[in-house]
Amino acid sequence: TSAESWGTGRAVARIPRVGGGGTGRCGQAAFGNMCRSGRMFGPTKVWRKWHKRVNVNQKRYAVVSALAASAVPALVMARGHNVAEIPEIPLVLDDSVTSKAKTADALEVLKTFGADDDVDRCKESRKIRRGKGKMRNRRYVIRRGPLIIYDEKDTIEQAFRNLSGVELCNVERLNLLQLAPGGHVGRFCIWTKAAFEKLDEIFGTRTEASKMKKGFVLPQSVMSNADLARLINSDEIQSVVRPTKCGVNRVARKKNPLKHKGALLKLNPYALAARKAEKEHQERNRAARQAILEERRGRKADRVARYEKMVEEGDVIF
């Protein structure tokens, strides 16, 4: 735009203003973050730190954890996949599936093993994205379906890539974003036989280290059986543990010796004698004071009587 500041002396702000005439736009402020059609304050820079460095061993740990979760039917179903008709999880298919080139053939394979229900779920979930993303080449959103993992590419990608929600991945390039989309483990994975057998070579076993990832050993479980309640209640453990204590250990309440006589005597056995002596001293002081008061009252009574006698006798002249 041709916006330039009008400078000083015209009783308006020095913000750039659109030039020209004959339209409501001329004279309007431009460019500023407070202006209509202006730029934002502090625009996002492309050199922002978009990624965070994570240790390689931690990333490998996350991938093997996601792979282990994909073999647990409860976690796969909890993630939303329709796997009720699947014969087994993980689902391993023959290597001949990689030679399929037509989408109709790929869909027939999925129907054979009951995996087409998950594809239908993804197809029905397609809807328009909320917000401005619909204007930025990501107009539709769709749920994630099965993940096809293969070893040799052949024509398997052409066959499966057009099915709703289906993604493909090479076993040597397993992606955590595909194994656990949104950070939720339990992706429904369909393996080819060669890819499944290659996992031991890539990640190693419980007895052998990985051949492809230097220095990586599969993480070992601290407990071979994670059902702790079952372990504790088993006959083997219950037969050797000591019986339950029925008595209740009552913690003695701390008593203030300044307020509690028994606690004071434990700390100072002489306190009782001192308190008795103090009481006797107070009694003696009280008796002595009472005697003084009685004496003063007697003298006052004598003065009153003498004064009344003088009043009765009248004036006395000496």
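Criteria and cut-off values
- Once a new chain begins, its residue numbering starts again from 1 and follows that chain's sequence as written.
- For a predicted model such as this one, the threshold for reporting local features is a pLDDT of at least 70, and the threshold for listing and counting side-chain atom pairs is 80 or more; totals across whole chains, interfaces and linings nevertheless cover every residue.
- Side-chain numbers come from the whole structure's heavy atoms, not from hydrogens or water.
- Among buried residues, the Ala, Val, Leu, Ile, Met, Phe, Trp, Tyr and Cys ones that are joined through side-chain atoms within 4.5 Å form a nonpolar core.
- Using a 1.4 Å probe on the protein chains alone, a residue whose accessible area is under 20% of its type maximum counts as buried, one over 50% counts as exposed, and one in between counts as partly exposed.
- Numbering goes from the N terminus for both helices and strands, where a helix is a DSSP run of H or I of at least four residues and a strand is a run of E of at least two.
- In this analysis, rings of Phe, Tyr and Trp, with Trp reduced to its six-membered ring, are considered paired at centre separations within 6.5 Å, and the interplanar angle assigns stacked below 30 degrees, edge-to-face beyond 60, and tilted for intermediate values.
- Only when the NZ atom of a Lys or the CZ atom of an Arg is both within 6 Å of the ring centre and within 35 degrees of the ring normal do we say a charge sits over the ring.
- Salt bridges are defined by distance alone: a side-chain nitrogen of Lys or Arg within 4 Å of a carboxyl oxygen of Asp or Glu.
- Put simply, a patch holds well-exposed residues, over 30% relative accessible area, that have no salt bridge, with like charges counted together within 9 Å and Val, Leu, Ile, Met, Phe, Trp or Tyr side chains within 5 Å.
- Values of accessible area rely on a 1.4 Å probe in the Shrake-Rupley scheme; residue burial ignores everything except the protein chains shown.
- Residues counted as positive are Lys and Arg, residues counted as negative are Asp and Glu, and His and the chain ends are not counted.
- Lysine's charge is taken at NZ, arginine's at CZ, aspartate's at CG and glutamate's at CD.
- Strand pairing is defined by DSSP finding a minimum of two bridges between the two strands.
- Here the axes come from fitting lines to C-alpha atoms, over the contacting stretch only for helices, and the angles between their N-to-C directions go from 0 to 180 degrees.
- Note on contacts: a residue pair qualifies if any of its non-hydrogen atoms lie within 4.5 Å across the two residues.
- Polar contact criterion, stated in full: a pair of N or O atoms within 3.5 Å, where within protein one must be able to donate a hydrogen and the other to accept it, and residues adjacent in sequence count only if both atoms are side-chain atoms.
- Expected span of a helix: the number of residues minus one, times 1.5 Å.

Caption draft 1: Focus on the nonpolar core. Membership of the largest hydrophobic core comes to 22 residues, with the highest contact counts inside it found for F160, F188 and I190. Listing elements by their share of this core, those giving two or more residues are β3 (91-93), α3 (103-112), β6 (147-150) and α5 (156-160). If you look at the next biggest cluster of nonpolar residues, it comprises 18 residues, including C169, W191, A195 and F203.

Caption draft 2: Focus on the packing of aromatic side chains. Enumeration over the complete set of coordinates arrives at two aromatic pairs. Ring geometry for W191 and F196: centres 5.6 Å apart, planes at 80°, overall edge-to-face. When its relative accessible area of 34% is taken as the criterion, F196 is described as partly exposed. Over the ring of W6 we find R17; its NZ or CZ atom is 5.4 Å from the centre of that ring. When the ring centre of Y140 is taken as reference, the NZ or CZ atom of R126 above it lies at 3.7 Å.

Caption draft 3: Region of interest: the pattern of salt bridges. In the structure shown here, the tally under the stated rule is nine salt bridges. In this structure, the salt-bridge partner of E283 is R286, at a minimum N-O distance of 2.9 Å. In this pair, E283 and R286 are both assigned in helix α12 (residues 271-313), three residues apart and thus about one turn of the helix distant. Between R297 and E294 there is a salt bridge, and its shortest N-O distance comes to 3.4 Å. Note that R297 and E294 are positioned in helix α12 at a spacing of three residues, about one turn of the helix. Here the salt bridges share partners, and the residues they tie into one network are R144, E167 and R187.

Caption draft 4: Looking closely at a negative patch on the surface. Where like charges cluster on the molecular surface, the negative patch consists of D94, D95, E152, D154, E197, D200 and E208. Given a relative accessible area of 47%, E208 falls into the partly exposed group.

Caption draft 5: Summary view of the sheet that holds β3. Read across the open sheet, the four strands follow the order β3-β8-β6-β7; overall the sheet is parallel. In the strand order of this sheet, the two ends are held by β3 and β7 (167-170), each with one partner. Pairwise comparison of adjacent strand axes, ignoring direction, gives a mean angle of 25° for this sheet. Note that β3 and strand β8 (residues 189-192) share three bridges and pair parallel. Opposite L91, over in β8, you have I190 as the bridge partner.

Caption draft 6: Inspection of the environment of Y61 at higher detail. Inspection of the secondary structure assignment puts Y61 in helix α1 (residues 56-69). A relative accessible area of 45% means that Y61 is categorised as partly exposed. In this structure Y61 touches F216 and P219, once residues within four positions along its chain are discounted.

Caption draft 7: Layout of unusual backbone geometry. Cis geometry marks the peptide bond from I89 to P90; its omega dihedral reads 5°. The phi angle at S37 is positive, at roughly 65°, despite the residue not being glycine. Assignment of secondary structure puts S37 in the loop between β2 (16-17) and α1.

Caption draft 8: Just the side chain of R187, in detail. The topology assignment puts R187 in the loop between α6 (176-179) and β8. Here R187 falls in the buried class, since its relative accessible area comes to 0%. A distance of 2.7 Å separates a polar side-chain atom of R187 from the backbone oxygen of G145. A distance of 3.2 Å separates polar atoms of two side chains, one belonging to R187 and the other to E167.

Caption draft 9: How the structure looks around the side chain of R121. Relative to the helices and strands, R121 is located in helix α4 (residues 116-124). Residue R121 is classed as buried on the basis of its relative accessible area of 19%. Looking at R121, its side chain comes within polar contact range of the side chain of H81, at 3.4 Å. When neighbours within four sequence positions are excluded, R121 is seen to be in contact with G80, H81, N82, R143, R144 and G145.

Caption draft 10: Representation of α1 in the model. The end-to-end C-alpha distance of α1 is 20 Å, a good match for the 20 Å that 14 residues give at a rise of 1.5 Å each. Residues of α1 that are buried include every one of V63, V64, A66, L67 and A69, and no others. Looking at the buried side of α1, the elements it contacts are α2 (73-78), α6, β8 and α8 (199-203).

Caption draft 11: Looking closely at the pairing of β8. Here β8 shows a buried face lined by C189 and W191 and a second buried face lined by I190 and T192. Direction of pairing for β6 relative to β8: parallel, over a ladder of three bridges. Residue pairing in the sheet places I149 in a bridge with W191 of β8.

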